[in-house]
Amino acid sequence: MLLGVNIDHIAVLREARQINDPNPIDALGIVQRAGANQITIHLREDRRHIHDSDAKNIIDLSPLPINLECSVNPDIIEIVAKLRPHRATIVPENRVEVTTEGGLDLNEPNFANIDKSVHYLKAREIETSLFIDPTIEAVRAAKTIGVEWVELHTGTYSNIYAMLFSNLSKTHHSIDELSLERSKLKLLLKKELTRIKEATFEAHEFGLKVAAGHGLNYQNVKEIAKIEGIEELNIGQSIIARSVFTGLERAIKDMIGLIQ
Ligand code: PXP
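The structure reproduced in this document is the subject of the present report. (Residues numbered from 1 in each chain as written. Predicted model: local features only at pLDDT ≥ 70, side-chain atom pairs only at ≥ 80, totals over all residues. Heavy atoms only, no water.)

### Structural notes on the environment of Ile39
Just so we agree on the cut-off: Secondary structure counts use DSSP, requiring at least four H or I residues in a row for a helix and at least two E residues in a row for a strand, with both numbered from the N terminus. The contact criterion used is simple: two residues touch if any of their non-hydrogen atoms lie within 4.5 Å.
As for its position among the elements, Ile39 is in strand β2 (residues 38-42). Counting along the chain gives 68 residues from Ile39 to Asn107, while the straight-line C-alpha distance between them is 30 Å. Non-local contacts of Ile39, meaning those with residues more than four positions away in its chain, are made with Val5, Ile7, Leu28, Val31, Ile58, Ser62, Leu64, Pro65, Ile66 and Asn67.

### Some points on the pattern of salt bridges
Put simply, the rule reads: The working definition used for a salt bridge is a side-chain nitrogen of Lys or Arg within 4 Å of a carboxyl oxygen of Asp or Glu. Only protein chains enter the accessibility calculation, which uses a 1.4 Å probe; a residue is then buried when its area is under 20% of its type maximum, exposed when over 50%, and partly exposed in between.
If you walk through the whole model with that rule in mind, you get 15 salt bridges. Asp60 is the salt-bridge partner of Lys56, the closest N and O atoms lying 2.5 Å from each other. One end of the pair, Lys56, and the other, Asp60, are both in helix α3 (residues 52-61), 4 residues apart, so they sit about a helical turn from each other. The closest approach of N and O atoms between Glu249 and Lys253, which form a salt bridge, is 2.9 Å. Residue Glu249 and its partner Lys253 are located together in helix α10 (residues 237-259), separated by 4 residues, close to a single helical turn. Across the pair, exposure class does not vary: Glu249 and Lys253 are exposed alike. In the salt-bridge network here, residues are joined through shared partners; they are Arg14, Glu15 and Asp54.

### Some points on helix α6 (residues 136-145)
Put simply, the rule is: It is the directions from the helix axis to the C-beta atoms whose arc is reported.
Within α6, burial applies to Ala138, Val139, Ala141, Ala142 and Ile145. Considered in projection along α6, the buried side chains sweep an arc of 160 degrees and stay on one side of the axis. Residues Glu137 and Thr144 are exposed on α6 and point more than 90 degrees away from its buried face. Along its buried surface, α6 packs onto α5 (110-122), β5 (127-132), β6 (149-153) and α8 (182-205). Gly146, located one to two residues past α6, shows a positive phi value of around 95 degrees.

### Remarks on the pairing of strand β8 (residues 230-235)
Our working rule: In this description, strands pair whenever DSSP reports at least two bridges between them.
With 5 of its 6 residues buried, β8 lies for the most part within the structure. When strand β1 (residues 2-6) meets β8, the two strands line up parallel, connected through 4 bridges. Looking across to β8, one finds that Gly4 is bridged to Asn234. Pairing between strand β7 (residues 209-213) and β8: 4 bridges, direction parallel. When the bridges of β8 are listed, Ala212 appears paired with Leu233.

### Describing the sheet that holds β6
Rules: Inter-axis angles, ranging from 0 to 180 degrees, are taken between N-to-C directions of lines fitted to C-alpha atoms, where helices are fitted over the stretch in contact.
One closed barrel holds the 8 strands; their spatial order is β1-β2-β3-β4-β5-β6-β7-β8, and the pairing between them is parallel. Going from strand to strand, the sheet's axes swing by 25 degrees on average, the running direction of each strand aside. Bridging between β5 and β6 involves 4 bridges; their strand directions are parallel. Note on β6: the bridge partner recorded for Leu130 is Val150.

So far we have only geometry, and geometry alone does not tell us how the molecule works.
Written out as structure tokens, the structure is:
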């Protein structure tokens, strides 16, 4: 199983303070030394975390291949074509969302825009992927477009898992539509896992490479990693969140050493 580490979340912290620290570029060597296989970033239309200069520097300096997530906005596609990352993953984008909330809508007129963008990028020798919901219909549409990869959205699985097996439901970020009895949530979780397995199987039958991601963490990743046919996971939030705590003691000691 390959691991792509999504380092946007480092830029989120930098942008919260609007300064130059922490710089996602400093993560490149660490991600490589830790044994991950790829670095994933998302150049959003609103530039809320990764900026154009970050994307350029990361692509130019990364020892690992870069998977650049992007929308089909023509200006963004043009930037991606010029940056020439190893792979471009087309994702849906909505300005008010906190994070990518679902897979691509592959119905017209979106289908035509996605198809055009994929062919534009492929002509520039950029590997292409579509971030899709784990459904047979979405896999078939992706096959028609001719991408090399699909990335299955695991956000629904992760949300159900968190409502069942963590304290999320007791917090102010509880998910209203999943405020259900545990028996119902267990059934939903089983159904969602089956959907992911079936979509993986279908994609594999079509000769597509299969990645998965969104909301995967130290609790819920095992069930997804077990699915035969998934070759790669892209994980960000949970890894960066954990690194805050695995690194906090050292960071405090370094500061005490300086001020003593
Ligand atoms: N894959 C895609 C296509 C994404 O948009 C994201 C979120 O930026 C991820 C994976 C990683 O999700 P998370 O940060 O929840 O691990």
